[in-house]
Every structure is written in structure tokens, then in C-alpha cells.
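Descriptive structure summary
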Amino acid sequence: MTNTNSPVLEMQNVDKHFGGVHAINDFSVKIERGKIHGLIGPNGAGKTTIFNNITGIYAPDSGKIFFMENDITKTTPHKVAQLGIGRTFQNIRLFSNLSVVDNVIIASNMDAKYNMPQAIFKTAKYKKLEAYLREEAMDLLGFVGLSDKANERASSLPYGHQRKLEIARAMALKPKLLLLDEPAAGMNAEESLDLVQFVKEIKSHFDITILMIEHHMDVVTNLCDHCTVLNFGKTIAVGTPAEIKSNPEVIKAYLGGDE
Amino acid sequence: MIELFSQINGAVSSFFQINTYLQGVIIMMCINIIAVLGMSVLTGFTRLFSFGNAGFMSIGAYTAAILTVQFKVNFIFAIIAGALFAGFIAYLLGSITLKLKGDYFLITCLGFGECVRVLFNYMKGTTGGSAGYPGIPPYSTMLFCVICTVLAFFIAWRFIHSKYGRNLTSIRENEMAAEAVGINAFRFKRMSFTFSAIYAGWAGALYAGYLMYIVPNSFNLAKSCELITTTVIGGLGSLTGSVFGAIIVTVLPEAFRALANYRMLLYGLAVILIIMFRPSGLYGYKEFSLKRFIKGIINLPQNAKLFWERITGKNKIKANKGDNGND
Ligand SMILES: Nc1ncnc2c1ncn2[C@@H]1O[C@H](COP(=O)(O)OP(=O)(O)OP(=O)(O)O)[C@@H](O)[C@H]1O
Ligand SMILES: [Mg+2]
């Protein structure tokens, strides 16, 4: 269907203003299949805004966004998700009052291909599908190491587990592109090393492309094939983590910022 | 058909020795349960507040009344038509208002309920206006209403425990996250709203067949508020809680007839007390289970102690934090 050389995600000259704030200024990126691309920059640089433009929470003022050669510039959030882009949020957004396993099952709603009468009469097809979805959700929880927490309330999990659950939920969509917004936020060095391992496992296991926002330079160096560095909405550097780290512009932005 | 039902009903009620007064209480209880179940799906599971559901009851009641009286339609079809017509109106109203942000929906619902009331008062030719609509056949026998209630509960239960209910709950919990996993929040909110209106219409149609005479003002704002408070008292996010809530709200005023005039006051008081001591209602986010109930009875002394500690604030439960932030 898509030719293997075409990028999974392509953004062309995307612009976004909030009143007087130029949150994204002429942003372009191409992410190849199977790569991990890092998005870094000081606070308020516009990283989350880029995610929100990709996922349709905001529509760009100008520019184009393509996902697997489909124009998704003005697509609504649920459509973007249905097309195959999963995401996590900077401040975790779980279905807090629901059980851990339900958090994951909800994300597989597109695979629940039964209709209302079948649900009300609990037909064989309904039962089979529901059992299958639960099994799949349990597999995913097993993968992220939360099997034993399946029936606990999502909000009762410790912070690190909540992050993992949010990733598991995004994976239940079976996305082709995963957007991670500061997955290592609030983690110490050891925990973020854990996270690096975890993301690597996800990538190889699910054969997925990842765009991630990250502040921790060691996480970026360990994971990313390419990076884009933003400051005040502008792209100030593009390259491999090694190239980025020695870029004088980047050093200046970070020293000038509060990082 | 009606005769058949009332004969069986007569046999059943004389077998169980249920007198006419008690039958009336049970019928009102059933009507309230059905309307509150709809409210529960909307408010308890989707966190949408509608102060206009009495309007949908009214639509269901008048549709069923006019169809049975004027067009001699079989009452079962008339009830179905009333419920579906209320649902259809909700679908249209929801299509317009649910795209707006939260508060607008609430306000338009309130306005809608009042519009229906004023309109039915005004349309003297079809509804009889404020003089009322008389001569409705007495199809809402106790037996029939109980059957309807069981059916309504069964459907709501299966609905809520399928992907539909899960999707609604995910919107209640975090709309942005729900969208991020491919759930069309607008579509499911409208489904929830339509569902609640169908139940309200169903309840209204039964109400018409019980009183045999309806006036637009029975379905006023106070009735809408009563539906919401009952849902809150019963517990948000719990169908069994809603049933208990509806039973309590119907039976208590009967038990304390002398206090009937203070009904709204008592509702208010109950809601304040519940918000203070049990913010999630009698059965919030939990369904009644016989096993747990029996366990609870066995451990009664201990539970009573826990409950007392909670009331006196020694064992505070965490309140839910609101959802804010834009990323
Ligand atoms: N909904 C909004 N309304 C108004 N301004 C916004 C909105 N969202 C973001 N902004 C502004 O856009 C700029 C970029 O914000 P964004 O959240 O994308 O930054 P970020 O790079 O993710 O920063 P952080 O590291 O703090 O998460 C900021 O100046 C922010 O105040
Ligand atoms: Mg951010």
C-alpha cells in the first residue's frame, strides 16, 4: 500500500500561533519507518504543540501534515488515532477511576466489531470478541509488567506504572506511529535507564516508529536516531544526538534557558 | 390486550395481596426507575448533565397518549413510538448542542425542557393545553410496569457493560484521552443522550397510562431536577445505585406523607449530605453485589466503625481532582 521509502510522518512548514505567541514557526520534519526521532528544546519551545497539531487537537495555521501519505492536516483527534497514531500525554491522562485492564481494553474499541443488538443479547460473536480483547489487553499488560495490577484502579498505581500503563494503552490501538510526550519526566537516572530499555523493547516487539519529546539528554542519546531541537518555536538544529550535543546554537539555547 | 394484562395483573396482585394503593406506589417506583436509569447512563457514566429530561418524558407521554386515544394504536406500539420519538428529538438536539462545550449543553437542555412544557400548553388542538389530555387507556398496570422495568434494567446493564458503556465511561474519565484512542466523543455523547431520552420517553409513556390524564406542567423543571438528584443520591456510575435511589425517592415521601410538602427541601438536604459524606453517592462507581452485601452484614460491627470514622472525618477518602490542563 505505501512504498517503504516514504516517511511515516511528514510535516511541511507548519505554523501555529496562540494570540501573540508564535508557538511553532515553520516546522518541518520527515520521520522514516522504524526510526526513533527525538524532539528536544527548553520549556515552552513548542514541542507539545507539535504533538497537538499532529493529533488534531489543534489545526495548524498553515503548513501540511502527512501520515503514511494521507493528508491529516485538519483531521479530528479520534480519526488520527484510528488511522494509527497513538500518543501519551505530558501530564498523564488515564481513565483514573477505571481498572488498569479496562484502560487498555477501551483503547481496543476499534477491534470490538459488534453492534448494539449483539451486545444486548450477548451473542456468541460478542462473547468471543470480548474474551479476545481481554486476552489481548492482558498480554499487553504482561508485556509492560502490570499483569498483577490488572484489576486495580488506574489512579492507585505509582507514577512510573501509570506512565507504563499509558504507553500500553496507546499500544492497544496497534499504532504505526507512537508519540511519547516526556516519558521520562520526573524519573531519576536509574528509572530513566529502565525506560530506555522499555522503549527499545516496544520498538523491536511491535515494529513501530516513534516520535518522542524528551528533556533527559542521556535518554535521547541512548534512544534516538535523529533529533530536532526547538527554541521559541523555531528549529535550531537537526541531526544525530552526537551532532546535536556539539552544536553551539543548542548549547546556547539550553544554557540560556532554565535547563 | 389491556384487558389481558389487567386480568393477569389482578390475579398476581390478589395472590400477593397487593392492594391498589401499594400497586400505585410500585408503578410510580417503576416509572422513576426507568427515567433514572436513563439519567444514570447520561450523568453517571458520561458525566453530562441534562436539566431537560422531563421534557423527553413529556414527549413520550403525549405521543403515547395521542396514539392510543386518537389513533387507537395498540398501547405497546404507542409506548415504543413515544420512547423512540423522544430519542429522535434528543438525537437532533444533541447533534446541535453536544458540539458546544459542557455548560452550553446544560443550559440548552434546561431551555429545551421548558420549551416543551410551554409548547404543549400552547398547542391546545393536539394536547388539550393546560386543561390536560384525558381519557388515556389504563395500560400501565403494575405487572406491565414491573416487566418494563426489568427489561429496561437488563438492556441498560448489557449496554453499559459492552464497548458502548466503556466508551462512555472513558469520555467521563478523560475526554481527550478517549479521543486519543480513537473514540469519537461527540458521537458517543449523542448516543448517551439519545439513550437517556428514550428511557425518559418510555417512563413518560407509562406515566400517561397510569394517571390516564396528563398535563404539561407535570413535566416541569422540578421533575428534571428530581431525576438528577435521584441519580446523584443513588450514586454516579452505578445502575444498581440508581435503582436504589429511585426506590428511596419514591417510597420515602409515601412513608412520610406529612412531609410531602417538603419534598424538594429534603432532596436538597439529601444531596448536600451525600456530597459531604459520600461524594460518589450511595453506590458510586460500584454495582450492588449480593456476595459483598452478605459479607458486609457479617462484618457489620467493623463496617459500622469504619463508616463512623469516615463520617467523623478520621478516615478521609480522597476527593476526585478535576480535569484541567490543555496538553
Ligand atoms: N492552548 C494554548 N493556548 C495558548 N497558548 C498556548 C496553548 N498551548 C500552548 N501554548 C503556548 O505555546 C508555547 C509552546 O507551548 P508547548 O506546550 O508546546 O511547549 P513545550 O515545548 O511542550 O514546553 P514544556 O517543556 O514546558 O512542555 C508556550 O508559550 C505556551 O504558553
Ligand atoms: Mg510540553
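About the thresholds
Residues numbered from 1 in each chain as written. Chains lettered and ligands numbered in written order. Predicted model: local features only at pLDDT ≥ 70, side-chain atom pairs only at ≥ 80, totals over all residues. Heavy atoms only, no water. Helix = DSSP H or I, 4+ residues; strand = E, 2+ residues; numbered from the N terminus. Contact = heavy atoms within 4.5 Å. Buried < 20%, exposed > 50% of the residue type's maximum accessible area, 1.4 Å probe, protein only. Domains from an automatic or database assignment. Buried area = accessible area lost by both parts, 1.4 Å probe. Polar contact = N/O pair within 3.5 Å; in protein donor to acceptor, adjacent residues only side chain to side chain. Nonpolar A, V, L, I, M, F, W, Y, C, P; charged D, E, K, R; others polar. Patch = residues over 30% accessible without salt bridge, like charges linked within 9 Å, V, L, I, M, F, W, Y side chains within 5 Å. Areas by Shrake-Rupley, 256 points an atom, 1.4 Å probe, with all protein chains shown as cover. Salt bridge = Lys/Arg side-chain N within 4 Å of Asp/Glu carboxyl O. Lys, Arg positive; Asp, Glu negative; His and termini not counted. Charge placed at Lys NZ, Arg CZ, Asp CG, Glu CD.

**Considerations on the side chain of R166(B)**
Here R166(B) shows up in helix α8 (residues 163–173). Setting aside its immediate chain neighbours within four residues, R166(B) contacts D102(A), I105(A), I106(A), Y114(A), E130(A), L133(A) and I160(B).

**Examining α8(B)**
Most of α8(B) is tucked away, with eleven of its eleven residues classed as buried. Taken together, the buried positions of α8(B) are occupied by K163(B), Y164(B), G165(B), R166(B), N167(B), L168(B), T169(B), S170(B), I171(B), R172(B) and E173(B).

**With respect to the domain arrangement of chain A**
Residues and elements named next belong to chain A. Domain boundaries assigned for chain A yield domain 1 (1–84 + 175–259) and domain 2 (94–168). Each of domain 1 and domain 2 has a C-alpha centre, and the two are 28 Å apart. Counting residues at the interface gives 15 residues for domain 1, matched by eight residues for domain 2. Carbon and sulfur atoms supply 80% of the area buried between domain 1 and domain 2, which totals about 950 Å² over both sides. Viewed at the interface, domain 2 and domain 1 are joined by two residue pairs in polar contact (both at pLDDT 80 or more). Elements that contribute at least two residues to the side of domain 1 that touches domain 2 include exactly α2 (77–83), β7 (177–181) and α7 (189–206). The greatest single-element share of the side of domain 1 that touches domain 2, amounting to five residues, is contributed by α7. For the side of domain 1 that touches domain 2, the class distribution of residues is nine nonpolar, three polar and three charged.

**Remarks on a positive patch on the surface**
Taken together, K286(B), K291(B), R292(B) and K295(B) make up a surface patch of like positive charges. Here K286(B) is to be found in the loop between α13 (263–277) and α14 (290–298).

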